[in-house]
Amino acid sequence: MRALITSVVFYLGLSIFTSTLLAQSDFSDLKADIINAETEAKRIEAIINIGTVYNRTQTDSIDQYIQELSSSNFENEELAQAGKQFLDALIQYHQGNLQVAVEQLEFARRYFNKENYKDIHLKVLNFLGIAYMRTNQVEMAIEVQNESIELCGDDPEYSAAKRSAYGNQANAYRRIGEYARAIYNLEKTLSLAESDSVGIHGMSYLGLGQMLTSLNLYDRALDAYDNIDAENFPSKSVQGAIYSGKAQAFHALEELDSAYLYWNKAYEVSSTSRNWQQTLRPQLEMALISINRGTKEAAAMHIEIADDISSNYKYPPPAFVDLFITKIKYNVLIGELKKAKAIAAEFELFINDNSIAHLSKDGFRIVSELYEKLGDPQKALKYEKIHSNLDANPTKISSNARIAEQRSKLALLEKEEQIEQESAEKSFYQELTFQIIAITIVLIVVSIILYRYYRREKSENVIKDQELKDLKKKLNELSKKSARPEVVEHITLKSKALIKLKDLNYVSSDGPYLEFHLSTKENPEIDRNSLKNVLAELPARKFIQVHRSHIVNLDAVKSIYSNKVVLINGEELNVSRSYKDKLDLLLHNN
């Protein structure tokens, strides 16, 4: 699995960079850049750029552009020389002369960094980082990729170069066993990538899932696998690896139905493979699940298929260790303890002959349990001790400690990123503080202006309580001179309904009908009449028309505005301009 992870992650870093170059470097466009260059420096850059897109089978083409940099009479000889050095380094790189390539790339790195040729500098760093990896100078490769990541910054124009750097760095960290940083960087790469569940990024998610599984982070591994469209993946081998990865994660999480499903899928797409992990192992895992379920027939079927597979191919010893263990457990299940004992003896002999006791997993514990069932406590104790000694083996302890260490490092890296993001957000808001304060001040000023305007409008429109009393007094005086009778306590509607005037808040017109709104009833009384006729019946000192559709009882009024009347019960009635003028006249005409 480690080899597969290596190839996946390396493929990611290199493929992102290569595909980026090809996508951005259509030859006709690059040649046009040379022809149309406005300055000498731009022309030299264009020559260097076109030289970088050729691969290891096209070194003669790279050499043509080296010659062009040499033959042209460039005033900027230093830039032309640095370009020649870079392109010659690529020839050495493609021909496998990596140490020479590293020396020349380091020269180009320093020059293009000093002169601030960012695009070319990033390309130099990409090749240099991979060259350091291929010469096993992993720490130097990590340093180079760090420089590339910092140089890209958050500029979206360089997101492809940044993805490439993270991918190459993930490969470097994996090489030295730093799975935490490898996972962290690979997740960074994928977070910057566009959606792609089948191609390069599908392979990346596969590598990510396998590394997470190696740290026993099964839920996260399944999340990674879920980003891959396994059904449409062109490679059967990769499909098998995806399904096996999901099955292993589900099995570890004790979701046996899902594990069985994906082990079966893994076998279906890889049944012709010579890799025992893709053919024999799925059958053994499905047999073990069947044994745990107690389904004897299914277990027997899978073991029979596993026997046929193992007899046709020469598999490494670990494959047969798993086969022995599965057969022992199956025979215990069906009660064939003597047969299980014979297989256990074969298992022990095979382990000793191949000196692979450390690969026996829980085999000796299972043998110990077998002898307990056979009633032989001495042998049961013997094999339990062997199992305990293997479990306490420094290599296994170291491996467990390493997993715990890497999980802790990964958690720490993710926590540091979270803190960094929170700090960046805090800094962002701090930078906005002045603008927020300025906006707040503007809002306060506008609020004050609006409040003053509101107060002025209110003072102009509202008739004070005293004015309302004066109005009522004036109307009372006028009513004494009126010919209408004033001792009226109720009126009778045409519908024969009796309306007490003290309960009447107002009358509204609705076409040929009137609504009499009473304080004692939720719904108004309806009568066919006109406001003019009703107004003639109502006491002038208490009732006044404020709108062509409204007569209001002044005793029910709380306040009067320029365009409305507010009643004590909170209802509002519109006031017409013509009727408002009459009110004002009554108020101010002594």
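Let me sum up the structure you'll find in this document.

1. A closer look at empty space enclosed by the protein
Point 1. Enumeration according to the criterion identifies one cavity of 30 Å³ or more in this entry.
Point 2. By volume, the largest cavity amounts to about 30 Å³.
Point 3. Ile491, Thr492, Leu493, Asp527, Asn529, Val534 and Glu537 are the residues that line the largest cavity.
Point 4. Elements with a contribution of two residues or more to the lining of the largest cavity: strand S1 (490-492) and helix H24 (531-537).
Point 5. Looking at the lining of the largest cavity, its residues break down into three nonpolar, two polar and two charged.

2. Some words on the packing of helix H18 (residues 337-354) against helix H19 (residues 363-373)
Point 1. Where H18 contacts H19, the axes come no closer than 10 Å and their chain directions differ by 150 degrees. Where H18 crosses over H19, the two elements pack in a sense that is left-handed. From H18, Leu337, Ala340, Lys341, Ala344, Phe347, Glu348 and Ile351 reach across to H19, where they touch Gly363, Phe364, Val367, Leu370, Tyr371 and Lys373.
Point 2. The residue makeup of the contact of H18 with H19, split by class, is nine nonpolar, one polar and three charged.

3. Re the pattern of salt bridges
Point 1. Summed over the entire model, instances satisfying the criterion amount to 23 salt bridges.
Point 2. Here Arg109 makes a salt bridge to Glu147, at a shortest N to O gap of 2.5 Å. Placement of the pair is Arg109 in helix H6 (residues 98-114) and Glu147 in helix H8 (residues 138-152), with a sequence separation of 38 residues.
Point 3. Given the relative accessible area of 9%, Arg109 is considered buried.
Point 4. In this structure, Lys502 engages Asp503 in a salt bridge whose closest nitrogen and oxygen atoms are separated by 3.4 Å.
Point 5. Among the charged side chains, a salt-bridge network with shared partners connects Glu106, Arg109, Glu143 and Glu147.

4. Thoughts on the packing of aromatic side chains
Point 1. Per the stated rule, a full pass over the model turns up 14 aromatic pairs.
Point 2. Ring centres 6.5 Å apart and planes at 65 degrees place the aromatic pair Phe86 and Phe112 in the edge-to-face group. In this pair, Phe86 sits in helix H5 (residues 77-94) while Phe112 sits in helix H6, placing the two residues 26 residues apart along the sequence.
Point 3. Judged by its relative accessible area of 0%, Phe86 is buried.
Point 4. The exposure class of Phe112 is buried, given its relative accessible area of 1%.
Point 5. Aromatic pair Phe320 and Phe350: ring centres 6.1 Å apart, planes at 55 degrees, arrangement tilted.

About the thresholds
Think of each chain on its own: its residues are numbered from 1, step by step along the sequence as written. Since the coordinates come from a predicted model, pLDDT governs what is reported: local features require at least 70, and pairs of side-chain atoms require 80 or more to be given and counted, while whole-chain, interface and lining totals use all residues. Only hydrogens and water are set aside when side-chain values are computed; all heavy atoms of the structure are taken into account. Only protein atoms enter the 1 Å grid, on which a cavity is a set of points fitting a 1.4 Å probe that cannot get out and a pocket is an open set with protein on both sides within 12 Å along at least 5 of 7 lines, lining residues being those with an atom within 4 Å of a point. Grid points are joined across faces, edges and corners, and a volume is the space filled by probe spheres set on the points. Only runs of H or I of at least four residues qualify as helices and only runs of E of at least two qualify as strands under DSSP, and these elements are numbered from the N terminus. Under the grouping applied here, Gly and all other residues not named as nonpolar or charged are polar, the nonpolar ones being Ala, Val, Leu, Ile, Met, Phe, Trp, Tyr, Cys and Pro and the charged ones Asp, Glu, Lys and Arg. Note on geometry: axes are C-alpha line fits, over the in-contact stretch for helices, and angles between N-to-C directions span 0 to 180 degrees. Left-handed describes a crossing in which the near helix is turned anticlockwise from the far one by less than a right angle; the clockwise case is right-handed. The contact criterion used is simple: two residues touch if any of their non-hydrogen atoms lie within 4.5 Å. Salt bridge, as used here: a side-chain nitrogen of Lys or Arg that lies within 4 Å of a carboxyl oxygen of Asp or Glu. For the exposure calls, accessible area comes from a 1.4 Å probe over protein chains only, and a residue counts as buried if that area is under 20% of its type's maximum, exposed if over 50%, partly exposed in between. Within 6.5 Å between ring centres, the rings of Phe, Tyr and Trp (the latter by its six-membered ring) count as paired, and their orientation is classed by plane angle as stacked under 30 degrees, edge-to-face over 60, tilted in between.

Interpretation in functional terms is not warranted from these geometric data alone.
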